Amino acid sequence: MYFLISILIGYAFGCIHGSQLVGKYKKIDIKNSGVKNAGASNTTILLGWKYGILVALIDIFKGTLAILFMLYILNENSITGDTQILLVYVTAMAVILGHNFPITMKFNGGKGTASLVGILLAIDWKIALIGIAILFIFTFATDYLVIGVLMMYISFLVTTYYFFGEEPTMIVVLLSVLSVVKHLENYKRIITKEERKLSSMFQKRVKE
């Protein structure tokens, strides 16, 4: 029962899309404009960094709130230990699936990066600190957000195995593979030198 509850809670929170909310407010289809991504980076390209930050905050904290809500339910029902940890990771997976494949956007959403940051913050501050630091270091070192994201997933994989063992790690493996698949076009554009660099996102927004 708790397995199903964790999936439902995670997916429901995941379907709350910052870009969709901002897009409706600004009367623009963010998913199908710019670089055609329903996330904070594309919002920054299209509408400027202020709206990009707003989308990022919504997508980050929906991940945090989903985990905290699930933890509240588990603690209230005395579900602790390894079972609790596994259910938290199931919730995390469902948040990412909800963000990437939301029913509210005909199952065609974003790539889950901001939501992962929020998830890390709720799971363990040490994992979050290491993961976010690596995200920033590699993003700014390469000027490509997608490289920072890849390294953050690798960090999440290693730290999860170190702190929580094999079962939660298998969930992170699945999420990492999903992230790589969702970012394949970005990797291809890096090779062809067509990928938009981080520094360019904070310049004058794209004119539609």
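If you're wondering where the values come from, they're calculated on a predicted model, not measured in any experiment.

Criteria and thresholds
Residues numbered from 1 in each chain as written. Predicted model: local features only at pLDDT ≥ 70, side-chain atom pairs only at ≥ 80, totals over all residues. Heavy atoms only, no water. Helix = DSSP H or I, 4+ residues; strand = E, 2+ residues; numbered from the N terminus. Rg over C-alpha atoms; globule rule 2.2 N^0.38 Å. Core = buried A, V, L, I, M, F, W, Y, C linked by side-chain atoms within 4.5 Å. Buried < 20%, exposed > 50% of the residue type's maximum accessible area, 1.4 Å probe, protein only. Phe/Tyr/Trp six-rings, centres within 6.5 Å; stacked < 30°, edge-to-face > 60°. Lys NZ or Arg CZ within 6 Å of the ring centre and 35° of its normal. Axes fitted to C-alpha atoms, helices over the stretch in contact; angles between N-to-C directions. Parallel < 35°, antiparallel > 145°, perpendicular 65-115°, else oblique. Contact = heavy atoms within 4.5 Å. Nonpolar A, V, L, I, M, F, W, Y, C, P; charged D, E, K, R; others polar.

1. Looking at the overall build of the protein chain
Phase 1 of the analysis: Regarding its fold elements, the protein chain presents 11 helices and zero strands.
Phase 2 of the analysis: Counting helices and strands in the order they occur from the N terminus, the protein chain gives α-α-α-α-α-α-α-α-α-α-α.
Phase 3 of the analysis: Its C-alpha radius of gyration of 17 Å places the protein chain within 12% of the 17 Å reference for a compact globule of 208 residues.
Phase 4 of the analysis: Projected onto the principal axes, the alpha-carbon positions of the protein chain cover approximately 55 × 35 × 25 Å.

2. Digging into the nonpolar core
Phase 1 of the analysis: Counting 35 residues, the largest nonpolar core has I67, Y89, L116, I119, L120, I123 and F156 as the members making the most contacts within it.
Phase 2 of the analysis: When residues of this core are traced back to their parent elements, those giving at least two are α4 (49–76), α5 (81–100), α6 (113–123), α7 (125–142), α8 (145–164) and α9 (166–182).
Phase 3 of the analysis: Top contributing element to this core by residue count: α5, with eight residues.
Phase 4 of the analysis: Counting residues in each nonpolar core, the second largest holds seven residues, with V22, I30, A40 and L47 among its members.

3. What to know about the packing of aromatic side chains
Phase 1 of the analysis: The full count for this structure, using the stated rule, is six aromatic pairs.
Phase 2 of the analysis: Ring geometry for Y89 and F156: centres 5.8 Å apart, planes at 15°, overall stacked. Residue Y89 is found in helix α5, and its partner F156 is found in helix α8; the two are separated by 67 residues along the sequence. Residues Y89 and F156 agree in their burial class; the two are buried.
Phase 3 of the analysis: Ring centres of F136 and F140 lie 6.0 Å apart, and the angle between their planes is 10°; this geometry places the pair in the stacked category. Of this pair, F136 and F140 are both found in helix α7, four residues apart, which corresponds to roughly one turn of the helix.
Phase 4 of the analysis: Of the aromatic side chains, those joined through ring pairs into one cluster are Y89, F156, Y162, F163 and F164.
Phase 5 of the analysis: In this structure, K126 is placed above the aromatic ring of F163, and the distance from its NZ or CZ to the ring centre is 5.3 Å.

4. Digging into unusual backbone geometry
Phase 1 of the analysis: Positive phi outside glycine occurs at S78, with the angle close to 60°.
Phase 2 of the analysis: Position of S78 among the secondary structure elements: in the loop between α4 and α5.
Phase 3 of the analysis: Judged by its relative accessible area of 61%, S78 falls in the exposed class.
Phase 4 of the analysis: Although it is not a glycine, D143 adopts a positive phi angle of roughly 70°.
Phase 5 of the analysis: Topologically, D143 is positioned in the loop between α7 and α8.
Phase 6 of the analysis: For D143, a relative accessible area of 17% corresponds to the buried category.

5. Remarks on the environment of K193
Phase 1 of the analysis: Inspection of the secondary structure assignment puts K193 in the loop between α10 (184–191) and α11 (198–201).
Phase 2 of the analysis: Exposure remark for K193: the relative accessible area of 73% places this residue in the exposed category.
Phase 3 of the analysis: C-alpha separation for the pair K193 and V88, spaced 105 residues apart in sequence, amounts to 39 Å.

6. Some remarks on the packing of α6 against α7
Phase 1 of the analysis: The N-to-C vectors of α6 and α7 enclose an angle of 150°; their axes lie 7 Å apart at closest approach. Looking at the two axes, α6 sits roughly antiparallel to α7. Contacts between α6 and α7 involve V117, L120, L121 and I123 from the first element and I127, A128, G131, I132 and L135 from the second.
Phase 2 of the analysis: In terms of residue class, the contact of α6 with α7 is built from eight nonpolar, one polar and no charged.

7. Considerations on the environment of T64
Phase 1 of the analysis: Mapped onto the elements, T64 comes out in helix α4.
Phase 2 of the analysis: Judged by its relative accessible area of 11%, T64 falls in the buried class.
Phase 3 of the analysis: Along the chain, T64 and G109 lie 45 residues apart, while their C-alpha atoms are 19 Å from each other.

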